[in-house]
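Report on the structure
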2 protein chains.
Amino acid sequence: MPRAATSSDVFNAVAEHQRRAILDFLAGDERPVNDLVNALGLAQPSVSKHLRVLRDVGLVRARRDGRQILYRTNASAIRPLYEWAGTFERFWGQQLRRIKERAESSHRPAREGGDRPHKPEKHKH
Amino acid sequence: MPRAATSSDVFNAVAEHQRRAILDFLAGDERPVNDLVNALGLAQPSVSKHLRVLRDVGLVRARRDGRQILYRTNASAIRPLYEWAGTFERFWGQQLRRIKERAESSHRPAREGGDRPHKPEKHKH
DNA sequence: TAATCATATTCCTATATCGGAATCTGTCAA
DNA sequence: TTGACAGATTCCGATATAGGAATATGATTA
């Protein structure tokens, strides 16, 4: 089995660096494709293909305006990502605390039982 | 050029559904590999390979404890993702407002196309 | 009508991938 | 020691990819 398709969900679509750059550029207001080509320095077909992927997963919206097509980031499609990442938020502080503790205890060679019973130290035989 | 390596950055590593499941499971406290095998119903080699990717980008930390190796999610590595997604936060409300406006004006013969580029009326000639 | 601009699609190819099966490494117990 | 357990690694194969080049579609203007 190969990797999941880039257009299978937001996570896969957003994995590509250039597509994130496109979303950044298109946040706020709509722009024609050519603006992206100039701003990102990519070939026009590349931009079109990236936009296709982004549109397939709902990350951008498109609207024709005469000759050009105006794209705009659909920010709400990014929310699932934001919320998933946010579920780890409460562990950030926790982890920083743990690292700090470890750093402090490296000063003193003394080992003492902590408040939390953690598994036996890595020991070698 | 193929897709960027899964272990090239957090975004690519996290694109895979099973790896997100692993991160969810390993948030909070450390667990041996076998717990993951049982919890996710994946083959052991698959789990090991996913863990390898996650470790390469710093999303998990490993520690040997006797026969088993305990893994734990390194939540802080998820922050870049959270912060990138967060830059779009201010557009969510904005966009919801726009959608609402559009819905309200749908009573009247509103100009302005939908979310996809549709063929405009054949113009007169 | 033809010419031109703006964008999309198709064809091409090297490559990283995921899962499965088999195998290897390392640790503990008797 | 041997055996058993816990994980990691290697080999395999089908597949979706990203970029480049060439081409196609669609809209406007002369």
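The coordinates are above.
Residues numbered from 1 in each chain as written. Chains lettered and ligands numbered in written order. Predicted model: local features only at pLDDT ≥ 70, side-chain atom pairs only at ≥ 80, totals over all residues. Heavy atoms only, no water.

Re the overall build of chain A
Selection rule: Runs of E in the DSSP output that reach at least two residues are strands. Runs of H or I that reach at least four are helices, and both are numbered from the N terminus. Working definition: with a 1.4 Å probe on protein chains only, accessible area under 20% of the residue-type maximum means buried, over 50% means exposed, and in between means partly exposed. Only the protein chains shown count as cover for residues, and all accessible areas are computed by the Shrake-Rupley method using a 1.4 Å probe.
A count of helices and strands for chain A gives 6 helices and 3 strands. When burial is assessed residue by residue, chain A has 40% of its 125 residues classed as buried. Of the roughly 8000 Å² of accessible surface on chain A, 49% is carried by carbon and sulfur atoms.

Thoughts on the sheet that holds strand β1 (residues 31-32) of chain A
Residue and element names in this part refer to chain A. Stated formally: DSSP-based pairing: two strands are paired if at least 2 bridges between them are found. Any two residues having at least one pair of non-hydrogen atoms within 4.5 Å are treated as being in contact. Fitting a line to C-alpha atoms yields each axis, with helices limited to the stretch in contact; the angle taken between N-to-C directions then spans 0 to 180 degrees.
Spatially, 3 strands are ordered β1-β3-β2 in an open sheet, and the strand pairing comes out antiparallel. What marks the edges here is a single partner per strand, and that holds for β1 and β2 (60-65). As defined by bridge partners, β1 adjoins strand β3 (residues 68-73) across 2 bridges and the pair is classed as antiparallel. Residue pairing in the sheet places R31 in a bridge with Y71 of β3. Most of the contacts of helix α2 (residues 17-26) go to β3, to which it runs at about 95°, and overall it touches β1, β2 and β3.

Focus on the sheet that holds strand β2 (residues 60-65) of chain B
In a beta sheet, neighbouring strands are held together by backbone hydrogen bonds and run either parallel or antiparallel to one another. All names here are of chain B. The sheet built from 3 strands is open, its strands ordered β1-β3-β2 with antiparallel pairing. Only two strands of the sheet have a single partner each, and these edge strands are β1 (31-32) and β2. Direction of pairing for β2 relative to strand β3 (residues 68-73): antiparallel, over a ladder of 6 bridges. Its bridge partner lying in β3, R61 is registered against R72.

Description of the protein's contact with DNA strand C
The line we're drawing: The cutoff for a nearby residue is simple: one of its non-hydrogen atoms must lie within 4 Å of the molecule or strand. What qualifies as a polar contact is a pair of N or O atoms within 3.5 Å, subject to a donor-acceptor requirement within protein and to the restriction that residues adjacent in sequence count only when both atoms come from side chains.
What surrounds DNA strand C is a group of 32 residues, the closest being M1, S48 and Y71 of chain A together with T6 and K49 of chain B. Protein-adjacent atoms of DNA strand C, using a 4 Å cutoff, are sugar or phosphate at a proportion of 63%. Within the side chain of S48 of chain A, a nitrogen or oxygen atom sits 2.4 Å from a phosphate oxygen of DNA strand C. Within the backbone of I69 of chain A, an N or O atom sits 3.5 Å from a phosphate oxygen of DNA strand C. Elements that contribute at least two residues to the surface near DNA strand C include exactly α3 (33-40), α4 (44-56) and β3 of chain A together with α2 (17-26) and α4 (44-56) of chain B. Top element by residues in the surface near DNA strand C is α4 of chain A. It accounts for 5 residues.

Side note on the packing of aromatic side chains
Residue and element names in this part refer to chain A. Heads up, the condition is: Centres within 6.5 Å make a pair out of two Phe, Tyr or Trp rings, where for Trp the six-membered ring is used; the pair is then stacked when the planes are under 30 degrees apart, edge-to-face when over 60, and tilted otherwise.
Considering all chains together, one arrives at 7 aromatic pairs over all chains under this definition. For the pair F11 and W84, a centre-to-centre distance of 5.9 Å together with 90° between the ring planes defines the contact as edge-to-face. Here W84 lies in helix α5 (residues 79-86) and F11 lies in helix α1 (residues 10-14), a separation of 73 residues in the sequence. Note on accessibility: F11 and W84 belong to one class, buried.

Thoughts on the interface of chain A and chain B
The condition is simple: As used here, buried area is the combined drop in accessible area, with a 1.4 Å probe, of two parts when they are placed together. Salt bridges are identified by distance alone: a Lys or Arg side-chain nitrogen within 4 Å of an Asp or Glu carboxyl oxygen.
Taken together, the contacts link 41 residues of chain A with 44 residues of chain B. Buried area between chain A and chain B, both sides added, is near 4300 Å², and the carbon and sulfur share of it is 59%. On the chain A side of the contact with chain B, R3, Y82 and W92 of chain A bury the most area, a combined 18% of that side's loss. Counting every contact that joins chain A to chain B gives 0 salt bridges.

Observations concerning α2 of chain A
The periodicity of an α-helix, 3.6 residues per turn, causes residues three or four positions apart to be oriented the same way. Turning to α2 of chain A, its buried residues are R19, R20, A21, I22, L23 and L26 of chain A. Of the residues one or two after α2 of chain A, G28 of chain A is the one with positive phi, at around 95°.

A few points about the protein's contact with DNA strand D
Put simply, the rule reads: In this classification, the charged set is Asp, Glu, Lys and Arg, the nonpolar set is Ala, Val, Leu, Ile, Met, Phe, Trp, Tyr, Cys and Pro, and all remaining amino acids, among them Gly, are polar.
In the neighbourhood of DNA strand D, 32 residues make up the surrounding shell, with T6 of chain A together with M1, Q44, S48 and Y71 of chain B lying closest. Restricting the count to atoms of DNA strand D within 4 Å of the protein gives a sugar and phosphate share of 66%. Residue K49 of chain A places a side-chain N or O atom 2.7 Å away from a base oxygen belonging to DNA strand D. Of all elements in the fold, only α2 and α4 of chain A together with α3 (33-40), α4 and β3 of chain B reach the threshold of two or more residues within the surface near DNA strand D. At 5 residues, α4 of chain B tops the list of elements feeding residues into the surface near DNA strand D. Split by residue class, the surface near DNA strand D holds 12 nonpolar, 10 polar and 10 charged.

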